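Residues per chain are reported as follows:
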Amino acid sequence: MGQMTRLQTPAGEANAYLAPARPAPGPPILLLHPWWGLNQTIRDLADRLAGDGFTVIAPDMFDGTVLTTPDDAEAHVKSLSTADGERIRAGVLAALDHLLAHPDARGERAAIIGLSFGAMEGTEVAGERSDIGALVMFYSGIFEAPDGIGYLGHFAEDDEFDDSAEVPDFEKTLSKGSAAYVYPGTKHWFIEPDRPEYDAKAAELAYSRTVAFLREQLA
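The text that follows walks through the structure, step by step, so that each part is easy to find. Computed from a predicted structure; not experimentally measured. (Residues numbered from 1 in each chain as written. Predicted model: local features only at pLDDT ≥ 70, side-chain atom pairs only at ≥ 80, totals over all residues. Heavy atoms only, no water.)

**Considering the pattern of salt bridges**
Moving on, step 1. Taken as a whole and judged by the stated rule, the model has ten salt bridges.
Moving on, step 2. For Arg48, the salt bridge goes to Glu204, with nearest N and O atoms at 2.9 Å. Here the residue Arg48 occupies a position in helix H1 (residues 40-51), and Glu204 occupies one in helix H6 (residues 200-217), the gap between them amounting to 156 residues.
Moving on, step 3. Notably, a salt bridge pairs Arg89 with Glu128, separated by 2.6 Å at the nearest N-O pair. Taken as a pair, Arg89 in helix H3 (residues 82-101) and Glu128 in helix H4 (residues 117-128) lie far apart in primary sequence, 39 residues in all.
Moving on, step 4. Arg89 gets classed as buried once you look at its relative accessible area, which sits at 16%.
Moving on, step 5. In this structure, a network of salt bridges that share partners links the residues Arg89, Glu121, Glu124 and Glu128. (Salt bridge = Lys/Arg side-chain N within 4 Å of Asp/Glu carboxyl O. Helix = DSSP H or I, 4+ residues; strand = E, 2+ residues; numbered from the N terminus. Buried < 20%, exposed > 50% of the residue type's maximum accessible area, 1.4 Å probe, protein only.)

Encoded structure:
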């Protein structure tokens, strides 16, 4: 099981959930939550990845705020100011630095897993940092990765926020080792077991593909 840790950033203190790899040090993953905030589902995902040999840090980009309805989450995201965005970025970068320096993290490059809101933040961070080796995007509008970074995209077929019809053409542009998948009959948030959109079969397939991809990219 992981635990919360306090980080110092140029914008003040920030919280993150840290789950060290078990049973030995493993490749580092920066896990960025969707617009619900750092809820138990994201902590559980961090713990599961740790059990599969990765050291994971999930920064709390909303500073303790957790939302449960789409309306509340959307309103919260829309309320974020420029200063809030700068604070979020500072916390994410501090979490990445903490992760890469952690004794349970093996390797000099990290992967980013971003879910929806977190995918957008993760892509921007990947474009700024040379120590990102892979991007995994879940139901996002992110159809690219910076040069030299492996990409894995998981898209919902019936997504009210992002158009999965773009994926086939996008997939043709991906470099060797990268991939993009559309999961039939799924909706946004399909891997999150606390959501009514959860699809257990698709979630397990997406998770297994993610672990295999990350083991290859971060080997």
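**As for the environment of Thr68**
Moving on, step 1. Along the chain, Thr68 turns up in the loop between strand E4 (55-59) and helix H2 (70-79).
Moving on, step 2. Overall, Thr68 belongs to the exposed group, its relative accessible area being 56%.
Moving on, step 3. Each C-alpha atom of the pair Thr68 and Asp194 lies 9.5 Å from the other, and the pair is 126 residues apart in sequence.
Moving on, step 4. Those residues in contact with Thr68 that sit more than four places away from it in its chain are Trp36 and Arg195. (Contact = heavy atoms within 4.5 Å.)

**Some details on the sheet that holds strand E7 (residues 150-156)**
Moving on, step 1. The strand order across the open sheet formed by eight strands is E1-E2-E4-E3-E5-E6-E7-E8, and the pairing between neighbours is mixed. Every interior strand has two partners, whereas the edge strands, strand E1 (3-9) and strand E8 (179-183), have only one. Within the sheet, the average angular offset between the axes of one strand and its neighbour, ignoring direction, is 20 degrees.
Moving on, step 2. In this sheet, E4 lies alongside strand E2 (residues 12-19) in antiparallel orientation, the contact comprising four bridges. When the sheet's bridge partners are listed, Leu18 is paired in E4 with Ile57.
Moving on, step 3. Its contacts with the sheet place H1 against E1, E2, strand E3 (28-32), E4 and strand E5 (110-115), and it is angled at close to 50 degrees to E2.
Moving on, step 4. Contacting E1, E2, E3, E4, E5 and strand E6 (132-138), H3 crosses the sheet at an angle of about 115 degrees to E1. (Pairing = 2+ DSSP bridges. Axes fitted to C-alpha atoms, helices over the stretch in contact; angles between N-to-C directions.)

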